Amino acid sequence: MALAPGTKLGPYEIQSPLGAGGMGEVYRARDVRLGRTVAVKILPQHLSANADLRQRFEREAKSISSLQHPNICTLFDVGQQEGIDFLVMEYLEGETLAERLKRGPLPFEQVLKTGIEISSALDKAHHAAIIHRDLKPGNIMLTKSGAKLLDFGLAKPAAMGAIAGTGPAPLLSATVTMTSPSPQNSPLTSAGTLLGTIQYMSPEQLQGREADACSDIFSYGAVLYEMATGRRAFQGKSQLSVATAILEKEPEPIRLARLGLPAVFEHVVTRSLAKEPEERWQSAKDICAELQWIAEAPAEESPPTSRATPARRFIGLVAGVLLIALAAGLGYWFSPSGTAPDLRVAINLPPGYLLDTIDTALVLSPDGTRLAFAAQGPEGPQRLWLRALNGQEPQALAGTEDATYPFWSPDGRYLGFFARRKLRTIDISTGAVRTLCDVQKARGASWSSRGVIVFAPDYATGLFSIPASGGTPVQLTTPKANGSHRFPFFLPDGRHVLFFSDLDLVNDKSGQGIYALDVDSGKTQLVAPEKVQPVYAKPGFLMFVRNGNLMAQPFSAQALKTTGQAALVAEDVNNNPDRGSANFSVAGNGTLVYAKASAFGKLQLTLFDGDGQKLADVGPPMAFDRWRIYSLSADGRQVATAVYDSSSNSSIWVFDVNGSRSRRLTFGAESRSSPVWSPDGSQLAYSDPDGNIYVQAANDSTPPRMISRVAEPRSVSSWSPDGRQLALSTPTKSGLDIHILSTSGEKDTAFLAGPAWETQPTFSPDGKWMAYVSDETGKFEIYIVSFPSPETRVQVSSGGGSYPLWISAGRELAYVTGERKVIAVEVKRPGTRIEMGQSRPLFGGRPLPVMREASNVDTAVAYMTPDAKRFLLSIPTTLSSPTPIDLRTNWASELESKR
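All values reported here derive from a predicted model rather than from experimental measurement.

Draft legend 1. The arrangement of the sheet that holds strand 29 (residues 524–528) in detail. Read from one edge to the other, the open sheet built from four strands follows the order 26-27-28-29, with strand pairing classed as antiparallel. Where the open sheet ends on each side, the last strands, each with one partner, are strand 26 (484–490) and strand 29. Pairs of neighbouring strands in the sheet enclose a mean axial angle of 35°, with direction left out of account. Sheet analysis places strand 27 (residues 496–502) next to strand 28 (residues 513–518), joined by six bridges and oriented antiparallel. Paired with Ser501 across the two strands is Gly513, which belongs to strand 28.

Draft legend 2. Region of the structure containing the sheet that holds strand 46 (residues 683–687). Pairing within the open sheet is antiparallel, and its four strands lie in the order 45-46-47-48. Strands at the two margins of the open sheet, each flanked by one partner only, are strand 45 (673–677) and strand 48 (705–708). Ignoring strand direction, the axes of neighbouring strands in this sheet form an average angle of 30°. Two elements, strand 47 (residues 693–697) and strand 48, share three bridges in a ladder whose sense is antiparallel. Directly across from Val695, in strand 48, lies its bridge partner Arg705.

Draft legend 3. Here's a closer look at the confidence of the model for the chain. On average, residues of the chain carry a pLDDT of 80, and 80% of them reach 70 or more. Long-range and interchain partners of residues 299–338, a stretch whose pLDDT sits below 50, account for 42 contacts in this model, where long-range means more than four residues apart. Below a pLDDT of 50 lies the segment residues 852–856, which in the model reaches 17 contacts outside its immediate sequence neighbourhood of four places, other chains included.

Draft legend 4. Spotlight on the nonpolar core. Counting 51 residues, the largest nonpolar core has Leu97, Ile140, Leu149, Phe265 and Leu291 as its most contacted members. When residues in this core are grouped by element, the largest group, nine residues, is from helix 6 (residues 213–229). If you look at the next biggest cluster of nonpolar residues, it comprises 33 residues, including Leu364, Ala372, Leu415 and Ile885.

Draft legend 5. Representation of the packing of helix 4 (residues 108–127) against helix 6 in the model. In contact at an axis separation of 11 Å, helix 4 and helix 6 are set at 170° when each is read in the N-to-C sense. Taken together, the axis directions place helix 4 and helix 6 in an arrangement best described as roughly antiparallel. Contact residues: Val111, Thr114, Gly115, Ile116, Ile118, Ser119, Leu122 and His126 in helix 4; Ala213, Asp216, Tyr220, Leu224, Met227 and Ala228 in helix 6. Broken down by class, the residue content of the contact of helix 4 with helix 6 amounts to nine nonpolar, four polar and one charged.

Draft legend 6. Spatial organisation of the packing of aromatic side chains. Under the definition given, this model contains 22 aromatic pairs. Relative to Phe487, the ring of Tyr405 lies with its centre 6.0 Å away and its plane at 45°, an arrangement referred to as tilted. Taken as a pair, Tyr405 in strand 18 (residues 404–408) and Phe487 in strand 26 lie far apart in primary sequence, 82 residues in all. The same class applies to Tyr405 and to Phe487, which are both buried. Ring centres 6.2 Å apart and planes at 35° place the aromatic pair Phe455 and Phe464 in the tilted group. Phe464 matches Phe455 in its accessibility class, with the two residues each being buried.

Draft legend 7. Focus on the environment of Ala685. Secondary-structure assignment places Ala685 in strand 46. A sequence separation of ten residues divides Ala685 from Pro675, and the C-alpha atoms of the two residues are 5.5 Å apart. Once residues lying within four places of it in the same chain are set aside, the contact partners of Ala685 are Ser674, Pro675, Val676, Tyr694, Val695, Val716, Trp719 and Leu726.

Draft legend 8. Structural view of unusual backbone geometry. In this structure, Pro539 follows Lys538 across a cis peptide bond, with omega equal to 5°. You can see Pro539 is positioned in the loop between strand 30 (535–537) and strand 31 (541–546). For the peptide bond that leads from Phe787 to Pro788, omega is 10°, which places it in the cis range. Within the fold, Pro788 resides in the loop between strand 55 (781–786) and strand 56 (793–795). Not every positive phi belongs to a glycine, and Asn890 is a case in point at roughly 60°. Here Asn890 is to be found in the loop between strand 62 (885–888) and helix 12 (891–898).

About the criteria used
Residues numbered from 1 in each chain as written. Predicted model: local features only at pLDDT ≥ 70, side-chain atom pairs only at ≥ 80, totals over all residues. Heavy atoms only, no water. Pairing = 2+ DSSP bridges. Helix = DSSP H or I, 4+ residues; strand = E, 2+ residues; numbered from the N terminus. Axes fitted to C-alpha atoms, helices over the stretch in contact; angles between N-to-C directions. pLDDT = per-residue confidence, 0-100. Contact = heavy atoms within 4.5 Å. Core = buried A, V, L, I, M, F, W, Y, C linked by side-chain atoms within 4.5 Å. Buried < 20%, exposed > 50% of the residue type's maximum accessible area, 1.4 Å probe, protein only. Parallel < 35°, antiparallel > 145°, perpendicular 65-115°, else oblique. Nonpolar A, V, L, I, M, F, W, Y, C, P; charged D, E, K, R; others polar. Phe/Tyr/Trp six-rings, centres within 6.5 Å; stacked < 30°, edge-to-face > 60°.

Here is the structure:
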């Protein structure tokens, strides 16, 4: 029933509509007696038609009207006129929390302020024996005078019936007031419906059990989580999936979703979201007290990690700031030579985390106070972590999943990185992530003092520049044929950038070296013949890794020339000769960090049963830079793998899984990689760095034969069941395509080609389908496509996936999820179509151990037998050393004193 302006309901004159929904219409009105603006809610017709419901409504209205609190929207009056039941309530100006959250998370100070106000309001309601039951951002109004708790549309006296059909339904709806009309599907006007509310329901509400104060506390915990992170605690693509998440899953830890929030705040939220009511906070007053304590903590204690005593806080400061800053500065006065000592401090990673040892993973902030690093944990993808050098625990940066090559802005406000074929930046203070442009297999970047980022978008391109604020990339350099320019590093003038130029890191060492580029003129000049990533360090050193040793050579940033001999700074530095990268960083104040190569142990091929229990080690443990891609034979008895030597040349080896013997299959200086077994286990196909494809008898009874010669680094992924074709991952200008190569070498055709990456193809046992990985949605997912004509296609995964394998004679497809869990999905084939059925967890439902192969997205890995009863994984012998990263100060002064 729509009311025209000027209509009077008792002393209330209707002025304009504010919103409408299933629970009635809301109008702005004027109380002509008191001369104030109010909000009037017209209630549904069914209330007027039922005397019992009207009595209940009036009884509940009296309870709600008793809630006098500065943070609760006041119910003024209840009336009836000519069959119209209506409510009169306080008129508020402002915006709902739901509207505010569309712009992102709230500043933490506002999170605490709003949290205190609403928890105080909840406490008032609960003491009046009133349960809200529909607490959500849409029912919280942010006004100039503070937050207001609204819409007790589902509220009921605590002693009255149950919910969801187990007792009398709630009647009162003191719906929110607004300053502008709202669409009918707004959370503001859908109280009492499941849609738009289920994300904040407690488990007991979803199960149809009695709701009490603890139910409101669960809902409020979800609201606190969303205010702090900008995302809902429980998410899904349907109401069913959201309900499942609420009942069975835990939200992503706040420390992963937003950097820098106190651990004690996360404790408040986590306890509020406990699945069982008795495990939650037992009163809103407790939450209010905790939030007030956090808000009142002195600035020097923020963000607090616990209610530490002054003595404990002092110890933390001594362990961090004093050991680094004071020893570096005051040590000068106590040094007989007048030179500050070279202080050395070990830095730990979070327990169970593994530093990225393939790409550059470490970078100090320009002022030397913070360390950013890329690491992969026991669950989930690799991401960036930030650690202040004052003893605080590292904190994950949300939105940096799969990040590599981190680099700082000159002012230390932003971090740049590459992830999922994008160049991105993250604002450290707010956590906002921005995408600048597309990349392929990026190889480093640097941010100049002039607001320009120079980066290598691929391993086979020149350098490009792009404004840090966004824009169109501009090419700066063009390498020679088969060459590459990578790992740029800006000098202090913001005009010249160092970079590494190479032709072929594996076979052709000529023409390699560190160069300097003038970004204004485009001129380049050779600086040093070193074949690795360059870094400039004050007061004047060119730093690089040579044979695992970190070296520093005197260098003039003005003349762009080195002088004298390079001196040893540190031994045992992690580096990747295959790419020319190294894991070390130097800050503007001279602080140095580097990852120790020996800290990461070795990799061991390990056999597990179907439940994830370890059975045996296969072959000898090898250093991290020795193992590469491996392939398990279909019968599970043999594994073929590429083993790299100290010169980054690889050869194919075959190991018996039972450990009885091993043999080297390929010899010579030329590298061989990506071995794949033939269906009968009698042959192996593999490639070399130039993309040439070979086939060789697995027992080494015949010499290898080259079946294809090309000039692009392709990799073999799968062998067709009839033995006549190979599926290859083939690089293109836009990424990776899937090609089909006949084993005779006569035919090489593109099967899947497009702007996205299509990779890791694997033939079905009947040869009529192919599973593969594509990032067309922006994330790598699993797909199945018909073969040999790609006419029919179905997406298998939705939350990320890699390494598809056909099992159970093709009746199931297994793959690794983004959380490194192995899922098997039923594959149904009615006629010429294909459908996905039920899924089940493999490997005991636990995540796979950290695998070295995780970064090789362009190559398939046969990691289980077709019956899923045996898994072969390449895992670290230890996840990490207790002290994988070393920090040093005043190393440069020490070198200067020796010159």
